[in-house]
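What follows is the residue order along each chain.
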There are 2 protein chains.
Amino acid sequence: MITIKDIAKLAGVSYSTVSKALNHDPRIKHTTREKVLAVAEKHHYRKNIMAQQLSSGRSNIIGFVLDELNNPLFANISGNLHAELKKLGYQMILVVADEGMDVLDHLRVDGCIFWDYEMTDRAAFWKRFSNIQIPCFVLGTDDSPNSPYIKIDRKEGIYKAVEHLRNNGHTEIGFIGNSQPIKLEGYREALQRTGLEWNKDYILPAYSSWEDGYFAIRNYEWTSKSPTAFIGLNNMVTRGALRALLEAGYKVPSDISLIGYDDLPDMQYAEVALTTIGPPLDELAIQAAELIVALIRGEQVQYPVIIQPQLYHRQSVASYKAT
Amino acid sequence: MITIKDIAKLAGVSYSTVSKALNHDPRIKHTTREKVLAVAEKHHYRKNIMAQQLSSGRSNIIGFVLDELNNPLFANISGNLHAELKKLGYQMILVVADEGMDVLDHLRVDGCIFWDYEMTDRAAFWKRFSNIQIPCFVLGTDDSPNSPYIKIDRKEGIYKAVEHLRNNGHTEIGFIGNSQPIKLEGYREALQRTGLEWNKDYILPAYSSWEDGYFAIRNYEWTSKSPTAFIGLNNMVTRGALRALLEAGYKVPSDISLIGYDDLPDMQYAEVALTTIGPPLDELAIQAAELIVALIRGEQVQYPVIIQPQLYHRQSVASYKAT
DNA sequence: CTGAAAGCGCTTACAG
DNA sequence: CTGAAAGCGCTTACAG
C-alpha cells in the first residue's frame, strides 16, 4: 500500500511537503503541488483516513446510527442526510443496531447522529449516550438531558390530524398503533383540545409493521359506535390498515377517513392517495446536518431545534356523513 | 479523551501491559488483567480503533456499499449480513452511494462488500474496483474480472418462473421491467427453453419503483393476444403492477397470473399473496460473510460462489383457462 | 517555499 | 509475567 513517503521519494520532495500539497496548503508552490498530485494520481495513492484522524483529529466522517432499516422512512432520511452532509464537506457512514453507538465512538468519527430509536431501555441508552466522547445528538427525540437535540413535535402533528378530521365533521376518531407513547399522548391531548371524547376502545393495538396495521383492522370488532376516521401510527401501519379496510368492504374516504403519519412517497401511491402528517423530510436533514457540523466546530447552538410536522392533503379524508 | 497511557498510570503498570491486558493476551497475569480492566471500565476507556488499525492493520470492521436504500431488499440484506458478520467477530458499516467506494478504501476497513448496483458506467466501476487496496468482492454480480464474487443465478431464477407458468398452461408470458438486461436475457432464454415465442411487445417498460410497475400496467394497451401471465422485475415493480391489474378489473390469479422477483416479506402481504422467485436471503448473507472473512484471512477461495434463486409458491399463479 | 522532527494512540517483536 | 522501544501513516508547529 502506497504512502506519503513513497510519493515523496517518487516526486523528489520531503514527505511533509507531500502532505501539504495533498491538502492544498497554499504555502506550497503551485508547480511542486502539481508534480506531487500527478505522482499521487499515477500511483493510485489513497490517503489513510485512520492515520489522518489520529494525527489531526479530523476524519470528515459523520456516523448515523439507526436501530433498523426496515422502515422506508429511514432510507429517505439517510439519503437526504447524506446529501446535506456532503454539501458541508462530510461523508456519512451508517451503522445499524445497538452496537452502532460503540462502533462509532470507537471509530472516532468526527460526529454522530442517532435516530431516536425504540429503545428497550431508555435509561441505559442515556447513560451510554452521556459517555460518548465525540460530538453527537439525537434526532427525533422529545428530550435529551443536557445536550442539544432535534425534536419532532409529534404531538402537534397528531393534533393537526385530529383537528383536520374534526373540521370534516368527524367526532369518533380512532388511532391505529400503540407502540409510540408520545403519539398516543398527542392523540389524547388533541381530542381534549378539540372537545372530543377519549375512548380507549378507539386505540387499535398495532406495533409498527404493515402486517400490524393490517391485522389491527382485521381483528377489530366494529360496532355502531366505531370511529368514522382513523389516524395511523406510521407509514407502514397506515398502509396495512388501508388494505384491511378496503378488503372489509369499507370505502376510503367515503365510509372511513384515514390519515397516516410519515409523509413518504409511498403514501401517495397507496390504493387511495393518503393524506398524511409528518415532518418535512428535507428540512429534517438540513437541520440535522447543520447541527452536527455546528457541534463539531464547537459553536454555540440553540436547542432543542424543533421540527413542526405538516399536514399533506390528499384523497383519504372526506366529510363525515351520518348514515 | 482517555488513552492507554492514562490507564497505565492509574493502574500502575506500563502501557504495553495495558494493551495486552485489553486484548486478553494470555501472557498477562490474571490479577493484573483484572486490575487493568477494572480501571479501564471505571474511566470509560474506549479503544481508538483508528490507532489500532494503524498499528496492527486490523479494525474488525467491514464495509457494505450500496447505491441506494430505497429498495426494501437492501434493508433485508443489510440486516442479515450484519448479523452474520457479528457472529464472525466483525462490525459492519454501511455506505450509500458512489462515494462509498472511496470512503471505505480511505477508511481502511478490513474488507468491503459491494452490492452490484445499477452502474451508469460499468467500465469505470471495474477500473476503480481493481484499484481498491483492501479485500473486497461484489455481491450479486454476474462476472468479476479476476476476482472472487458471488453470483446470483438470475437467469435460472427467471427460467424457474417461466417454467412454472408454462406448466400451468400459460403460453403468453410477459415481463414487466426493462432496466436489468440480465433478467431480460434470462426471460428470453427461458422462453426458448420452454418452446415459447419471444414477442417484444410482451416486455412492458418499467425501471424499478412501485410507480414504474404501476404505470407500466396502466399504460399497457391490452389486446386479445396479451399475456395471460407476467413476471415482475423486482419486488416494487411487481407490487405496483399488481395494484394496477386489480384496479383495471383483472383478477389475480384467475385472469392474470403474476410472479415477482425478490422474495421479501412484503410480497406475501400484497393484495394477493405473491408467488416469487429470488435468492434465499439468509443464505446470501451467510455466503457473503464467509467469503469476505476468507478473503481477509488470505485463504484460497473457490469462485464464483453461485446462489440459486428459488421459487416460492403462493397465491398469484393459476392454471390458464381459455376464455 | 520546503524540510526535519515530534506526536497522535495503539501493537508487537524483543529483552529481561 | 512485564516493560522499553520502534513503528503504523499521517499533520503541524517550527526552523530555515
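Residues numbered from 1 in each chain as written. Chains lettered and ligands numbered in written order. Predicted model: local features only at pLDDT ≥ 70, side-chain atom pairs only at ≥ 80, totals over all residues. Heavy atoms only, no water.

Some thoughts on the UniProt feature "domain: HTH lacI-type" (unreviewed entry) in chain A
What UniProt calls "domain: HTH lacI-type" (unreviewed entry) maps, in this numbering, to residues 2-56 of chain A. Secondary structure across residues 2-56 of chain A comprises 67% helix and 0% strand; the distance between its end C-alpha atoms is 20 Å. (UniProt positions renumbered as here; feature names shortened; annotations may be inferred. Helix = DSSP H or I, 4+ residues; strand = E, 2+ residues; numbered from the N terminus.)

Some details on the relation of the copies chain A and chain B
Under the fitted operation, chain A is carried onto chain B by 0.0 Å of movement along the axis and a turn of 180°, and the coordinates agree to an RMSD of 0.1 Å. The two molecules are tied by a two-fold rotation axis, judged by turn and shift. The residues that chain A uses at the interface reappear at the interface of chain B in 100% of cases, marking a shared surface. (Least-squares fit on C-alpha atoms with pLDDT ≥ 70 in both. Contact = heavy atoms within 4.5 Å.)

Notes on the packing of helix 10 (residues 210-218) of chain A against helix 11 (residues 235-247) of chain A
Residues and elements named next belong to chain A. Where helix 10 contacts helix 11, the axes come no closer than 6 Å and their chain directions differ by 35°. For the pair helix 10 and helix 11, the sense of crossing is right-handed. Here helix 10 contributes Trp210, Gly213, Tyr214, Ile217 and Arg218 to the contact with helix 11, which in turn contributes Met236, Val237, Arg239, Gly240, Ala241, Arg243, Ala244, Leu245 and Glu247. Here the contact of helix 10 with helix 11 is built from residues that sort into eight nonpolar, two polar and four charged. (Axes fitted to C-alpha atoms, helices over the stretch in contact; angles between N-to-C directions. Left-handed = near helix turned anticlockwise from the far one by under 90°. Nonpolar A, V, L, I, M, F, W, Y, C, P; charged D, E, K, R; others polar.)

Remarks on the protein's contact with DNA strand C
Near DNA strand C, the surroundings consist of 29 residues, among which Thr17, Lys20 and Thr32 of chain A together with Ser19 and Ser55 of chain B are the closest. Sugar plus phosphate, as a fraction of atoms of DNA strand C within 4 Å of the protein: 60%. In this structure, lysine 29 of chain A approaches DNA strand C through a main-chain N or O atom, which is 3.0 Å from a phosphate oxygen. When contributions to the surface near DNA strand C are tallied by element, the ones reaching two or more residues are helix 2 (15-22) and helix 4 (49-56) of chain A together with helix 2 (15-22) and helix 4 (49-56) of chain B. Of all the elements, helix 4 of chain B adds the most residues to the surface near DNA strand C, at five residues. Grouping the amino acids of the surface near DNA strand C by side-chain chemistry returns nine nonpolar, 13 polar and seven charged. (Near = heavy atom within 4 Å. Polar contact = N/O pair within 3.5 Å; in protein donor to acceptor, adjacent residues only side chain to side chain.)

Brief notes about the sheet that holds strand 6 (residues 173-176) of chain A
All names here are of chain A. As summarised here, the arrangement of the six strands in space is 7-6-8-9-10-12, forming an open sheet in which the pairing is mixed. Strand pairing shows two members of the sheet lacking a second neighbour, strand 7 (203-204) and strand 12 (310-312), which therefore form its edges. Pairing of strand 9 (residues 257-261) with strand 10 (residues 275-278) involves three bridges; the strand directions are parallel. When the bridges of strand 10 are listed, glycine 260 appears paired with threonine 276. The strands that helix 11 touches are strand 6, strand 8 (229-232) and strand 9; relative to strand 9, the one it contacts most, it runs at about 160°. (Pairing = 2+ DSSP bridges.)

Overview of the protein's contact with DNA strand D
For DNA strand D, the set of nearby residues contains 29 residues, the closest of which are Ser19 and Ser55 of chain A together with Thr17, Lys20 and Thr32 of chain B. A breakdown of the atoms of DNA strand D within 4 Å of the protein gives sugar and phosphate a share of 60%. Between DNA strand D and the protein, one listed contact pairs a phosphate oxygen with a backbone N or O atom of isoleucine 4 of chain A at 2.9 Å. Between DNA strand D and the protein, one listed contact pairs a base nitrogen with a side-chain N or O atom of serine 16 of chain B at 3.2 Å. For the surface near DNA strand D, the elements supplying multiple residues, two or more each, are helix 2 and helix 4 of chain A together with helix 2 and helix 4 of chain B. When residues in the surface near DNA strand D are grouped by element, the largest group, five residues, is from helix 4 of chain A. Residues of the surface near DNA strand D, tallied by class, amount to nine nonpolar, 13 polar and seven charged.

So, the interface of chain A and chain B
Taken together, the contact pairs 42 residues of chain A with 42 residues of chain B. The contact between chain A and chain B buries some 4,400 Å² in all, and 60% of this surface belongs to carbon and sulfur atoms. Its largest share of buried area at the contact with chain B, chain A owes to Met1, Arg46 and Met50 of chain A, together 17% of the area lost on that side. Note that arginine 243 of chain B is salt-bridged to glutamate 271 of chain A, the shortest N-O span being 3.5 Å. Put simply, chain A and chain B have 12 residue pairs in polar contact (both at pLDDT 80 or more) between them. It is strand 2 (residues 91-96) of chain A that contributes the most residues to the side of chain A that touches chain B, six residues altogether. (Buried area = accessible area lost by both parts, 1.4 Å probe. Salt bridge = Lys/Arg side-chain N within 4 Å of Asp/Glu carboxyl O.)

Focus on the environment of leucine 104 of chain A
Residue and element names in this part refer to chain A. For leucine 104, the location among the structural elements is in helix 6 (residues 100-107). Under the relative-accessibility criterion, leucine 104 is labelled buried at 0%. For leucine 104 and leucine 94, which are 10 residues apart along the polypeptide, the C-alpha to C-alpha distance reads 9.4 Å. (Buried < 20%, exposed > 50% of the residue type's maximum accessible area, 1.4 Å probe, protein only.)

Points about the environment of glutamate 189 of chain B
Mapped onto the fold, glutamate 189 of chain B is located in helix 9 (residues 181-193). Sequence separation between glutamate 189 of chain B and glutamate 156 of chain B is 33 residues; the distance between their C-alpha atoms is 9.4 Å.

Re the packing of aromatic side chains
A complete count under the given rule lists 32 aromatic pairs over all chains for this structure. Note on tryptophan 222 of chain A and tyrosine 250 of chain A: the rings are 4.4 Å apart at their centroids and 35° apart in plane angle, and the pair reads as tilted. A residue pair is termed long-range when its members are at least 10 positions apart, and tryptophan 222 of chain A in the loop between helix 10 and strand 8 and tyrosine 250 of chain A in the loop between helix 11 and strand 9 qualify at 28 residues. Assessed through its relative accessible area of 24%, tyrosine 250 of chain A is described here as partly exposed. A centroid spacing of 5.6 Å and a plane angle of 65° characterise the contact between phenylalanine 74 of chain B and tryptophan 115 of chain B, whose relative ring orientation is edge-to-face. A residue pair is termed long-range when its members are at least 10 positions apart, and phenylalanine 74 of chain B in helix 5 (residues 72-87) and tryptophan 115 of chain B in strand 3 (residues 111-115) qualify at 41 residues. By relative accessible area, which is 8% here, tryptophan 115 of chain B ends up buried. (Phe/Tyr/Trp six-rings, centres within 6.5 Å; stacked < 30°, edge-to-face > 60°.)

What about helix 8 (residues 154-167) of chain A?
Taking 1.5 Å of rise per residue, the 14 residues of helix 8 of chain A would be expected to cover 20 Å, and the 20 Å separating its terminal C-alpha atoms lies within 8% of that figure. Along helix 8 of chain A, the positions that sit buried rather than exposed are Arg154, Gly157, Ile158, Tyr159, Ala161, Val162, His164 and Leu165 of chain A. (Expected span 1.5 Å × (residues − 1).)

A short note on the pairing of strand 4 (residues 136-139) of chain A
All names here are of chain A. Residues of strand 4 alternate between two faces, with Cys136 and Val138 on one and Phe137 and Leu139 on the opposite face, all of them buried. Alignment of strand 4 against strand 5 (residues 149-152), held across two bridges, turns out to be parallel. Each bridged residue has a counterpart across the sheet, and for leucine 139 the counterpart in strand 5 is isoleucine 150.

So, the domain arrangement of chain A
Split by domain assignment, chain A resolves into domain 1 (4-47), domain 2 (57-153 + 280-309) and domain 3 (154-278). Using only C-alpha atoms to locate each centre, domain 1 of chain A and domain 3 of chain A end up separated by 61 Å. (Domains from an automatic or database assignment.)

Quick notes on the side chain of histidine 164 of chain A
Residues and elements named next belong to chain A. Along the chain, the position of histidine 164 falls in helix 8. The class of histidine 164 is buried, set by a relative accessible area of 15%. If near-sequence neighbours (up to four positions away) are discounted, histidine 164 is found in contact with Ile259, Leu311, His313 and Val317.

Thoughts on the state of the cysteines
For the structure on display, the rule yields zero disulfides over all chains. Here cysteine 136 of chain A is not disulfide-linked; the sulfur of cysteine 112 of chain A is the nearest cysteine sulfur, at 5.9 Å. (Disulfide = S-S within 2.5 Å.)

Quick notes on the pattern of salt bridges
Under the defined criterion, the tally for this structure stands at 24 salt bridges over all chains. Its salt-bridge partner being glutamate 299 of chain B, residue arginine 297 of chain B comes within 4.0 Å of it at the nearest N-O pair. Overall, glutamate 299 of chain B belongs to the partly exposed group, its relative accessible area being 40%. Taken together, the shared-partner salt bridges connect Arg243 and Glu271 of chain A together with Arg243 and Glu271 of chain B into one network.

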